[in-house]
Amino acid sequence: MQVPAPFVYERATSVQDALALLAKHGPDARLVAGGHSLLPMMKLRFADPAALIDINSIDGLDQISVADGIMTIGAMVTHAQLLASDVVAQHFPMLTEAERVIADPVVRNKGTVGGSLCQADPAEDLSAALGALRASVTTIGSGGSRSIPVRELHDGPYQTVLDENEMVTEVTVPLPSGSSSSAYEKLERRVGDWAIAASGVSVSVADGVISEIGIGLAAVEAPNMVAADAEDAARGQVPSAELIERIGELAAEATDPNTDQRGPADYKRHLAGELTKRALRRALTNAGALTNEGAL
Amino acid sequence: MTDLAETPVSLPTTEVSLTINGEAVTRTVESRTLLIHFIRDHLDLTGTHWGCDTSNCGACVVWVDKKPVKSCTMLAAMAGGHEVRTVEDLEGADGLDPVQEGFMQCHGLQCGFCTPGMLMVGRALLDENPNPSEDEIREAISGNLCRCTGYENIIRSVRWAAEAGTSENGASQ
Ligand SMILES: Cc1cc2nc3c(=O)[nH]c(=O)nc-3n(C[C@H](O)[C@H](O)[C@H](O)COP(=O)(O)OP(=O)(O)OC[C@H]3O[C@@H](n4cnc5c(N)ncnc54)[C@H](O)[C@@H]3O)c2cc1C
Ligand code: FES
Ligand code: FES
């Protein structure tokens, strides 16, 4: 039987209360959101916190809203909520597509956006997708509030740059300008599994050229889970079949995958390129920048 | 198996008050007690099954505030103050829930190990979508593993329940 090692359980009633409880219990205290990454790690003794601070009773962290060109997603919004949101689907098809293939519907009822990002698992789909969309997390800590780009949130596998007494309260995603769209492509061994490899691409097109692009990669060990060189190479270019090929190659070059039970490194690197091409092609087509998808 | 109910109380404990199948209960348990063990070992409701322990198989699915969750991956303490519903509550005053009836009519189970989870997920699906397509049923049960049936009869069972009309939604909710 797998049971976590003993710990003290506390329930926070507000963000300030959560911070006070973190301070009270010291460096071995951890926040628990959906618990769908942390509890499995605790069962396996990969994590052994002395205290768990439950943040599920804090009001107001589970809203999705749009104002002033920014979508704000509360840290406690569940995968199921994100998947069901029309406003998310309208602005960021990539997020809806990613959610469809994250875990299974029952797990999606518990796992949260904040927990996904803070877990800093290199295979986490939302870290790749929200990185591609240049989202930031808003945090509150003992030193006040700050904003951290998702691309800079992780400090290696399962590590974030957050202080001990700091929690994520929301994620902000800038709405794309001009003609834009996004797409997520993931290959998994079976329904509900983590990615063998995944790529999410967001594009904006203005005056016939790619004005902005984001490429997020999951499970293939790309630095910051993005393909920065490929993004630089695409910006300012006219969309074409050749460009898509080139961007796919650059995305594959950004990866340094591990060989594991999900597949050998060279296969995953190939997938990173191929999935990036497919996502880019679909995003460009849906943005109206490629008139004849079939010809590509 | 160690009986968590018997472990010494010097370990950190939490008083958990929740509603289970419409009934309010309070128990003081070790804080690390998982909801599945709270339900089976402390409340003696053994209809909910405990399988993989890794949030993969879905045998342990119960509802928390009307949403199916994997009770092996939730602390009992986290369920405090919430409404929990288990498979025991599906049968109402008028008899079995149509989903249970469907599993009987369509041979939706063999060994029965996955069945409590399948029933709770099936009931939740029909409450949200009374006339699901085969694909929608497959998606809804995609977090539940069955080693016996090959799923076909489970899908037929849920369809049977959809065609038989929705239930009054159980005894207590
Ligand atoms: C069977 C299964 C399959 C899965 N498949 C996938 C998949 O295909 N793709 C995928 O991307 N994910 C997958 N997941 C992971 C799932 O998305 C998790 O729910 C998610 O990673 C963690 O969210 P959580 O709310 O459960 O976090 P928790 O487990 O509660 O927390 C995770 C970490 O984040 C910290 N934390 C949580 N919230 C905050 C906050 N607000 N501020 C600061 N720190 C915080 C915690 O202290 C902990 O260290 C799967 C999980 C399971 C169990
Ligand atoms: S025992 Fe909970 S999912 Fe298998
Ligand atoms: S009936 Fe045996 S596992 Fe499903």
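Residues numbered from 1 in each chain as written. Chains lettered and ligands numbered in written order. Predicted model: local features only at pLDDT ≥ 70, side-chain atom pairs only at ≥ 80, totals over all residues. Heavy atoms only, no water.

### Digging into the site of ligand 1
What surrounds ligand 1 is a group of 33 residues, the closest being L31, L38, H79, T112 and E124 of chain A. More than a single chain frames ligand 1: its nearby residues are located in chains A and B. Here an oxygen atom of ligand 1 and a backbone polar atom of G34 of chain A are 2.8 Å apart. Contacts to ligand 1 include K186 of chain A, whose side-chain N or O atom sits 2.9 Å from an oxygen atom. (Near = heavy atom within 4 Å. Polar contact = N/O pair within 3.5 Å; in protein donor to acceptor, adjacent residues only side chain to side chain.)

### Concerning unusual backbone geometry
All names here are of chain A. Of note in the backbone geometry, A120 takes a positive phi value of approximately 55° without being a glycine. With respect to the helices, strands and loops of the structure, A120 is situated in the loop between α7 (113–119) and α8 (125–132). Its relative accessible area of 2% is what places A120 among the buried residues. The residue A219 is not glycine, and still its phi comes out positive at about 75°. Considering the arrangement of structural elements, one finds A219 in the loop between β11 (209–218) and α9 (228–234). Assessed through its relative accessible area of 12%, A219 is described here as buried. (Helix = DSSP H or I, 4+ residues; strand = E, 2+ residues; numbered from the N terminus. Buried < 20%, exposed > 50% of the residue type's maximum accessible area, 1.4 Å probe, protein only.)

### A closer look at the pattern of salt bridges
All names here are of chain A. If you walk through the whole model with that rule in mind, you get 28 salt bridges over all chains. Residue E97 pairs with R282 through a salt bridge whose shortest N-O separation is 2.7 Å. With E97 in helix α5 (residues 93–100) and R282 in helix α11 (residues 265–286), this pair connects stretches of sequence that are 185 residues apart. Overall, the relative accessible area of 22% leaves R282 in the partly exposed class. With its nearest N and O atoms 3.6 Å apart, the salt bridge here joins E249 to R246. Taken as a pair, E249 and R246 lie in helix α10 (residues 241–253) at a separation of 3 residues, close to a single helical turn. Put simply, R134, R151, E212, E231, D232 and R235 are held in one network by salt bridges that share partners. (Salt bridge = Lys/Arg side-chain N within 4 Å of Asp/Glu carboxyl O.)

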